[in-house]
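# Coordinate inspection notes
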Amino acid sequence: MGRAGTGTGGAAVAVAVAGPLLLMLLAGPPPTAAGDSRKSDIRLVSEHFSQSPQKLSFYSWYGSARLFHFRVPPDAVLLRWLLQVSRGSSPACANVEITVYFRYGAPPVINPLGTSFPANTSVQSPFFIKMLQSNASINISHPAPGDWFVAAHLPPSSQKIEMKGFAPTCAYIFQPDMLVVRAVEVFILEPDVPLPQTLLSHPSYLKIFIPEYTRELRLELQGCVSNGSLGCPVRLTVGSATLPRNFQKVLTCISPTWACHLFLPSPPGDRWLQVTAKSLAGPHVLVAFRAIAALTACRPWNLNSQHLLQSSPNQSCNASTGLLPPSPGCHGLGRSSRVGGGPFCLVSYPVIREDMDVVSVRFWPADRVSVLVRPATPSVMRLYLSTGMDSGGSLTISLQANKTAITNNTLVAVCLNAASPFLGFNTSLNCTTGMGRQHPASVPSQPLWPSLLRPSPFPAAFFQGHPLSLSAASRKADLIIPYPETDNWYLSLQLVCPESPEECEHASVLVETTLSLVPCLNDCGPYGQCLLLRRLSYLYAGCSCKAGWRGWSCTDNSTAQTVAQQRVATLLLTLSNLMFLAPIAVSVHRSFLVEASVYAYTMFFSTFYHACDQPGEAVLCILGYDTLQYCDFLGSGVSIWVTILCMARLKAAQKHVLFLLGTLIFAMSLQLDRRGAWNMMGPCLFAFVVMVTMWVYRCGRRRHCYPTSWQRWVFYLLPGISMAAVAVAIYTSMMTSDNYYYTHSIWHMLLAGSAAFLLPPREQHTKPWACSQKLTCHYQICKNHREDLYTVT
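Small disclaimer: the values here were computed from a predicted structure and weren't measured.

## Thoughts on the overall build of the chain
The helix and strand inventory of the chain stands at ten helices and 42 strands. Among the 793 residues that make up the chain, the fraction classed as buried is 50%. Sequence-distant contacts in the chain: of pairs separated by 6 or more residues, those separated by 24 or more amount to 78%. A total accessible area of about 37200 Å² is found for the chain, and carbon and sulfur atoms account for 59% of it.

## Overview of the pairing of strand β11 (residues 146-156)
When you tally the buried positions in β11, you get nine out of eleven residues, the bulk of the element. Here strand β5 (residues 58-59) runs beside β11; their pairing, made up of two bridges, is parallel. In the sheet register, Y59 faces β11, and the bridge partner there is P156. Pairing of strand β8 (residues 98-104) with β11 involves six bridges; the strand directions are antiparallel.

## Here's the deal with the pattern of salt bridges
Applying the stated criterion across every chain, the model contains twelve salt bridges. When the shortest N-O distance is used, the salt bridge between R182 and E47 registers 2.8 Å. Residue R182 is located in strand β12 (residues 172-183), and its partner E47 is located in strand β3 (residues 44-50); the two are separated by 135 residues in the primary sequence. Exposure remark for R182: the relative accessible area of 22% places this residue in the partly exposed category. For D626, the salt bridge is made with R674, and the minimal N-O distance between the two is 3.0 Å. Of this pair, D626 sits in helix α6 (residues 625-647) while R674 sits in the loop between α7 (652-672) and α8 (677-702), and the two are 48 residues apart along the sequence. Overall, D626 belongs to the partly exposed group, its relative accessible area being 47%. The class of R674 is buried, set by a relative accessible area of 19%.

## Some details on helix α9 (residues 710-733)
Helix length check: α9 (24 residues) gives 33 Å between terminal C-alpha atoms against 34 Å at 1.5 Å per residue, within 8%. Maximum bend of α9: about 35°, positioned at L717, with proline P719 one to four residues after it. Residues of α9 that are buried include every one of R712, L717, G720, M723, A727, I730 and T732, and no others. Tucked into the core, α9 has its buried residues touching α6, α8 and α10 (740-758).

## Considering the packing of aromatic side chains
The tally for this structure, following the rule as stated, stands at 28 aromatic pairs. Ring geometry for Y483 versus W552: centroids 5.1 Å apart, planes at 80°, classification edge-to-face. A residue pair is termed long-range when its members are at least 10 positions apart, and Y483 in the loop between β36 (476-482) and β37 (487-496) and W552 in the loop between β40 (538-545) and α3 (563-575) qualify at 69 residues. Take Y483: its relative accessible area is 1%, and that puts it in the buried class. The class for W552 is buried, based on a relative accessible area of 17%. For the pair F604 and F608, a centre-to-centre distance of 4.9 Å together with 50° between the ring planes defines the contact as tilted. Separated by four residues within a single helix, F604 and F608 lie in helix α5 (residues 593-612), roughly one turn from each other. Assessed through its relative accessible area of 22%, F608 is described here as partly exposed.

## Let's talk about the packing of α9 against α10
Contact geometry for α9 and α10: axes closest at 8 Å, N-to-C directions at 155°. With respect to α10, the axis of α9 lies roughly antiparallel. Crossing geometry of α9 relative to α10 is assigned as left-handed. Of the residues contributing to the contact of α9 with α10, the split by class is 19 nonpolar, five polar and one charged.

## Overview of a nonpolar patch on the surface
A cluster of nonpolar side chains, contributed by W710, V714, F715, Y716 and F757, occupies part of the molecular surface with about 500 Å² of accessible area. The element best represented in the nonpolar patch is α9, accounting for four residues. Tracing the backbone shows F715 in helix α9.

## Section: α8
An ideal rise of 1.5 Å per residue puts 38 Å on 26 residues; α8 measures up with 37 Å between its terminal C-alpha atoms. All of the buried residues in α8 are A677, M680, P683, C684, A687, V690, M691, W695 and R698. Of the surrounding secondary structure, the elements contacted by the buried residues of α8 are α6, α7 and α9. R703 sits one or two residues past α8 and shows a positive phi near 55°.

## Topic: the nonpolar core
Counting residues in each nonpolar core, the largest one holds 50 residues, and the members touching the most others are Y599, W641, V642, L645 and F666. Mapped onto this core, the elements with two or more residues apiece are α3, α5, α6, α7, α8, α9 and α10. Setting aside residues up to four positions removed in sequence, Y599 forms contacts with F580, P583, I584, S587, S639, V642, T643, A755 and L759. Grouped together as the second largest cluster of nonpolar side chains are 39 residues, V373, A418, C504 and L515 included.

## Structural notes on the state of the cysteines
One pass over the structure, following the stated rule, counts six disulfides. Disulfide partner of C524: C543, at an S-S distance of 1.9 Å. Where C524 bonds to C543 through sulfur, the torsion about that S-S bond is close to -85°, and the disulfide is left-handed. Taken together, the residues C524 in the loop between β38 (509-518) and β39 (528-535) and C543 in strand β40 connect sequence positions 19 residues apart.

## Structural notes on the confidence of the model for the chain
On average, residues of the chain score 80 in pLDDT, and 80% of them reach the 70 mark or higher. Across residues 436-461 the pLDDT falls below 50, and counting only partners more than four positions away or on other chains, this stretch makes 81 contacts in the model. Segment residues 782-793 is flagged for pLDDT under 50; beyond a separation of four residues in sequence, or across chains, it makes 14 contacts in the model.

## A short note on the pairing of β12
Of all the twelve residues making up β12, nine are buried; the element is thus mostly covered by neighbouring parts of the structure. Where β3 and β12 come together, seven bridges link them in antiparallel fashion. Each bridged residue has a counterpart across the sheet, and for H48 the counterpart in β12 is L179. In terms of strand pairing, strand β4 (residues 54-55) meets β12 through two bridges, oriented antiparallel. Each residue of the ladder has a partner; that of K55, found in β12, is I173. In this sheet, β12 lies alongside strand β7 (residues 76-87) in antiparallel orientation, the contact comprising eleven bridges. Among the inter-strand pairings, L79 is bridged to a residue of β12, identified as V180.

## A look at the environment of I397
Following the sequence through the fold, I397 ends up in strand β29 (residues 394-401). I397 sits in the buried class, given a relative accessible area of 2%. For the pair I397 and L517, spaced 120 residues apart in the sequence, the C-alpha separation amounts to 9.0 Å. Sequence-distant contacts of I397, that is, excluding residues within four places in its chain, are made with L383, L416, L468, A477, D478, L479, L491, T514 and L515.

## As for the environment of A293
Following the sequence through the fold, A293 ends up in strand β21 (residues 287-297). Beyond its immediate sequence surroundings of up to four residues, A293 is in contact with L189, E190, P191, D192, I208, L217, R218 and L219.

## What about unusual backbone geometry?
Backbone torsion omega between L243 and P244 reads 10°, so that peptide bond is classified as cis. Relative to the assigned elements, P244 resides in the loop between β17 (234-238) and β18 (249-253). The phi dihedral of Y483 is positive, around 50°, even though this residue is not glycine. Residue D523 is not a glycine yet carries a positive backbone phi of 55°. In this structure, D523 sits in the loop between β38 and β39. Judged by relative accessible area, which is 52%, D523 ranks as exposed.

The rules behind the values
Residues numbered from 1 in each chain as written. Predicted model: local features only at pLDDT ≥ 70, side-chain atom pairs only at ≥ 80, totals over all residues. Heavy atoms only, no water. Helix = DSSP H or I, 4+ residues; strand = E, 2+ residues; numbered from the N terminus. Buried < 20%, exposed > 50% of the residue type's maximum accessible area, 1.4 Å probe, protein only. Contact = heavy atoms within 4.5 Å. Areas by Shrake-Rupley, 256 points an atom, 1.4 Å probe, with all protein chains shown as cover. Pairing = 2+ DSSP bridges. Salt bridge = Lys/Arg side-chain N within 4 Å of Asp/Glu carboxyl O. Expected span 1.5 Å × (residues − 1). Bend = angle between axes of the 7 residues up to and from the residue. Phe/Tyr/Trp six-rings, centres within 6.5 Å; stacked < 30°, edge-to-face > 60°. Axes fitted to C-alpha atoms, helices over the stretch in contact; angles between N-to-C directions. Parallel < 35°, antiparallel > 145°, perpendicular 65-115°, else oblique. Left-handed = near helix turned anticlockwise from the far one by under 90°. Nonpolar A, V, L, I, M, F, W, Y, C, P; charged D, E, K, R; others polar. Patch = residues over 30% accessible without salt bridge, like charges linked within 9 Å, V, L, I, M, F, W, Y side chains within 5 Å. Core = buried A, V, L, I, M, F, W, Y, C linked by side-chain atoms within 4.5 Å. Disulfide = S-S within 2.5 Å. pLDDT = per-residue confidence, 0-100.

Right under this line is the structure:
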């Protein structure tokens, strides 16, 4: 079954076990949005969306989570997620807890490891469920149209390093399907035009278009009557549900005499606002009313580049030229003045969006100068992040006030909001837009959802912004928003004087802004790597940390290695390869030149591969990382191959042919799968079979155990076999991320030491340190001193 959890409240969500199959859900009639009738509503249609399943991984960083991207169509009244998980039939497939996250507008910001975020980072607790069985479903009433994201992962991964092919594995396949119930009959609520409505058994769906820079929305129910109950039993749901926070307004009208109305300052602009009216009187009680909406618009003072270039911070009255809005003390425009028929509510600074790279954008004012902040009205900058491809990075805001302009009693209040600018600096500094006010005759309803998932209590904001402030004590402020929602964002600034408002009448402050969207903050720092991830056509970025550093931007050093520890680890992994000098010396002493060359190759590339593979500061790369890794893996496999074949004591021609064939097979298998255990173990087992076959053949031929000397068994073979067995055990089952530097160094030394012990003695006719002077092809090169000619005989 599913278990829901969130740190911020939640939305109108219900979690249930998916009983009916998907085909049954699609074949049946669409469910009613409000659940107040057993009959199907012909005004609703259902649509189904699905994506290809993905294999889940144990969580270690954000790239371990599997992301799904959906788009909810407009006028949706119900969103149902059908979550399906299938697992393999292997005995290793145990019941594991799968965590599934949901978010509107951007990928969910998750933190399963409990690490810390960078300073000045604003993070909302994600909405998630934990699935304990294979299937589950989630219902969201009145979902917001646009981008919705689902992310899923298995529990955090263990620190054990497992060899591919040795440890049992299990595949967990996750697939979310989205079923949308959409209203095809939606009433358009025009401003200042009463819209009659009648409620019986089904809710009524309305919507009103909110222009940009709307100061206030007033929604009122008039003439409400019912034939079976007192009062006005109507519940209004204004707005759409989003996750992880739900800012819907739920209003219940109770009085038969007083008008039921709702005020929403700064509603989200340039979009349709959904309104759902539901009768609370029962299925057979008729309720009639008139809905009327009124919009209070304000027209911003738009500054173009020419105006900004001509303006100056000391300018106080210049309304005649139209360059800057005058201060409150000037004759003409003031707080209640109008520009073009609408109240003057803000100063809009034009912003240039410069696309730098994938998920990399820079914003700057049109004239590349500071923003002038005044006390009369907010100065607003609009950041265009509504392309659908901007939510995969981090939005960074950096503000710095002029040192001399700001005094001890003045404060620059800053709010960063999505969907609509914050304009209420004179009444509140909480940066919430759409804060509702209602008539005493109407009260906030008690929703029927569980307390954990209930909509935010009234009054609340449509959107909770991000507050900042600049003062004489702190002239700089920074803000980081990982994965910002897809929308237009507004940066509002206004000068306020909390203690003495008269000081702000003629004051102004210049604020320098640095606004950008980056894939990763500070490129994940020195101990991380910024990686670009992709799900179908959607791109997003994440940090992969190293050297024990963790966190969203690799800034959590709670488990980080010190520089001394990094150097010790590098020295262990590199200097341990010097043990290969022992088998090199033994090979040269016994005239095994090919084997000595292979050991020297392995020692060289293993040393420099591990010098390049280090995650911290002690790093040295003489070649590309991939090239060094390939050469290291190839050298290790071929070293084992030539050692076993050398022990078989084959004829020279046979041995060299097998040396070459084995090297080619290793090169091919490592190119196919570098991490596969059997790609290395397969050829080595074949060489071991060849060695055993030759030993058995010699035993039968000589009628005596081979090797014949007990000293050879006791002082060479048994120590070498023991060292090789311990090395294989460490390599396959004992390595973890914490002890890798020690166990892998021991693996180097045991592998080199076993090769030195297992090499067979030299041939009887070969002298120590002797090299053959005769060419294997038996050609002799002679020189004719008289004619200075070379002939081959």
